[in-house]
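Structure assessment
Here are the chains, one letter per residue:
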Amino acid sequence: MAEFDYDLFVIGAGSGGVRAARVSAAHGARVAIAEEFRVGGTCVIRGCVPKKLLVYGAHFAEDLKDARRFGWNVPDCDFDWATLRDNVLSEVDRLNGAYTTTLESHKVEIIHQRATVAGANAVRLADGRTVTARIILVATGARPAVPGCPGHELGITSNEVFHLDALPKRVLIAGAGYIANEFAGIFNEFGSKVTLINRTDVILRGYDAAIRDRLLQISTAKGIEFRFHAEFRGITKGDDGSLTVEMTNHDPITVDRVLFATGRVPNTEGLGLEGAGVELDDKGAVKVDADSRSSCPSIYAVGDVTNRIQLTPVAIREGQAFADTMFGDKPWRVDYDNVPSAVFSHPPMAGVGLTESQARQQLGSVKVYQSDFRAMKNVLANRNERALYKMVCDGVTDRVVGLHMIGPDAPEILQAAAIAVKAGLTKADFDQTVALHPSMAEELVLMR
Ligand code: FAD
């Protein structure tokens, strides 16, 4: 008889948990995974995937307009939210099914209920059963944080935004991170009046200042209203269903929807972790070492619940490294240097490595190269919107330590260029590559 019911019990079937469960099972472990909502997790069900599909849908507003300059007789088109919403949700259903099938085909037992930690090797299920496992992996992700102002329950979060009955005519978005800016762009393209409010006057903290300034300028020109130093005082509902938001330093505003995009909190509440000796940090995230091991030797954690870098490919890598190390006899660790990321705004922005200000703080000497240009397509479309590419180099070694861009297809271009940055290539290496003309990406090898 085996000492434990399972070799591995994973709590949470999101990006990190599914990868860890599937690969551990492929390595021969007996694995169970508990999911309280839907297999696939935030990214697939209510994050990256449906968000990106809405971004594609939204961008047609510009493409249809620009098409006229390219000779197409585009009639006045209107947009039907319900069609896009339902098509996106059925794609989410398809992916949910695909993730479930992958787990099943790897003989991972899926337990569709909430699970909590009942001890170093014990998990309690919502139906009252307790099961045991040699290793427990906490992969419970994070959830939207909502400010505690009066009337906050009248607002929605990214969890609900994909299911709206109707497109709001006026929407207020609280926050200035990537989710806030992405939804500001989406709603604005669909024709909603968008007001984004933020406690400070900085959007997209952590991104290069020149790139985020450019987004602010373009977004403002497109009609998104930004209100800074605005802190929620409260929300009240009118007889007609409208919502009036009171905030510091600005007049109240009446809208149809309020979307909170004010950060994400690790899902550790009520999980029983402290009882098993698992230490949490001041944000409630599980504290882990470089092997994703918590302060309890049999309990590990990956993904957003550890609040390292809250991105899907990072959670997946952490899950893979965990599985290979624990059950595959192939120990390796995730390298957190030069993780690329993007904001799917209109236009999108993307970056990898050090921003100019980080490089100036960390390196003795820094050289910055820039290309500020109007994409050929935008010129013909009469679209007065300039792209900006920035290359940050170590002034002594010539090594490219950061690349930051805003412009059409920036995330697609940056993913390829990030390989060069990760490989430690120099500005001279970029310059030795012949330009691919005409393209936007050629600016990367032509920077002065
Ligand atoms: P999750 O994917 O959140 O999975 C955790 C799972 O655990 C969930 O399914 C949850 O229901 C389940 N769970 C929680 N507690 C329990 C319990 N006690 N018992 C059972 N099950 C439980 N990242 C990108 O890289 N690119 C993007 O473009 C991007 N866009 C995003 C857009 C939005 C709107 C949001 C909200 C996030 C976005 N992210 C994006 C972030 C990305 O979704 C997360 O980084 C990623 O999903 C983290 O994976 P995870 O495995 O840690 O957690």
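Bear in mind that the values here come from a model prediction, so they are computed numbers and not experimental data.

Cut-offs and rules
- Residues numbered from 1 in each chain as written.
- Predicted model: local features only at pLDDT ≥ 70, side-chain atom pairs only at ≥ 80, totals over all residues.
- Heavy atoms only, no water.
- Domains from an automatic or database assignment.
- Contact = heavy atoms within 4.5 Å.
- Buried area = accessible area lost by both parts, 1.4 Å probe.
- Salt bridge = Lys/Arg side-chain N within 4 Å of Asp/Glu carboxyl O.
- Polar contact = N/O pair within 3.5 Å; in protein donor to acceptor, adjacent residues only side chain to side chain.
- Helix = DSSP H or I, 4+ residues; strand = E, 2+ residues; numbered from the N terminus.
- Expected span 1.5 Å × (residues − 1).
- Buried < 20%, exposed > 50% of the residue type's maximum accessible area, 1.4 Å probe, protein only.
- Pairing = 2+ DSSP bridges.
- Axes fitted to C-alpha atoms, helices over the stretch in contact; angles between N-to-C directions.
- Near = heavy atom within 4 Å.
- Areas by Shrake-Rupley, 256 points an atom, 1.4 Å probe, with all protein chains shown as cover.
- Nonpolar A, V, L, I, M, F, W, Y, C, P; charged D, E, K, R; others polar.

**Focus: the domain arrangement of the protein**
A common way to report how large an interface is uses the accessible area buried once the components associate. Each assigned domain of the protein is listed with its residue range as follows: domain 1 (6-144 + 265-327), domain 2 (152-262) and domain 3 (347-445). The C-alpha-based centres of domain 1 and domain 2 are spaced at 26 Å. Taken residue by residue, the interface counts 18 residues in domain 1 and 17 residues in domain 2. With both sides pooled, the region where domain 1 packs onto domain 2 buries about 1600 Å², and carbon together with sulfur makes up 66% of that total. It is Arg46, Lys51 and Trp81 in domain 1 that bury the most area against domain 2; as a group they hold 35% of the surface buried on that side. Put simply, domain 1 and domain 2 have two salt bridges between them. One salt bridge connects Lys51 with Glu182, and the closest N-O pair in it is separated by 2.7 Å. Across the contact surface, domain 1 and domain 2 share six residue pairs in polar contact (both at pLDDT 80 or more). Among the elements of the structure, helix H3 (48-69) and helix H4 (81-105) are those that each provide at least two residues to the side of domain 1 that touches domain 2.

**What about H3?**
Relative to the 32 Å expected for 22 residues at 1.5 Å per residue, H3 spans 32 Å between its end C-alpha atoms, a close match to the ideal helical length. Those residues of H3 not exposed but buried are Pro50, Lys51, Lys52, Leu54, Val55, Gly57, Ala58, Glu62, Asp66 and Ala67. Among the residues trailing H3, Gly71 stands out with phi positive, at a value near 95°.

**Section: the sheet that holds strand S13 (residues 250-255)**
Strand pairing within a sheet occurs via backbone hydrogen bonds; the two strands may be parallel or antiparallel. Read from one edge to the other, the open sheet built from three strands follows the order S11-S12-S13, with strand pairing classed as antiparallel. The two strands at the open ends of the sheet, each matched to only one other strand, are strand S11 (232-237) and S13. Each adjacent strand pair in this sheet contributes to an overall mean axis angle of 15°, direction not counted.

**Notes on the site of the ligand**
In the vicinity of the ligand lie 37 residues, with Gly16, Glu35, Thr42, Lys51 and Asp304 positioned nearest. Gly16 places a polar main-chain atom, nitrogen or oxygen, 2.8 Å from an oxygen atom of the ligand. Cys43 places a polar main-chain atom, nitrogen or oxygen, 3.4 Å from an oxygen atom of the ligand. For the ligand, the protein covers 95% of the area, taking 1000 Å² as the surface of the free molecule. Residue assignment for the shell around the ligand shows that the elements contributing at least two residues are helix H1 (15-26), helix H2 (41-46), H3, helix H6 (178-190) and helix H8 (312-327). When residues of the shell around the ligand are assigned to their parent elements, the largest contribution, four residues, is made by H2. Residues of the shell around the ligand, tallied by class, amount to 15 nonpolar, 14 polar and eight charged. Among the domains, domain 1 (6-144 + 265-327) and domain 2 (152-262) are the pair contributing at least three residues each to the shell around the ligand.

**Points about the environment of Gly206**
Looking at the secondary structure, you find Gly206 in the loop between strand S9 (193-197) and helix H7 (209-221). In sequence terms Gly206 and Thr268 are 62 residues apart; their C-alpha atoms lie 25 Å from each other. Setting aside its immediate chain neighbours within four residues, Gly206 contacts Thr355 and Gln358.

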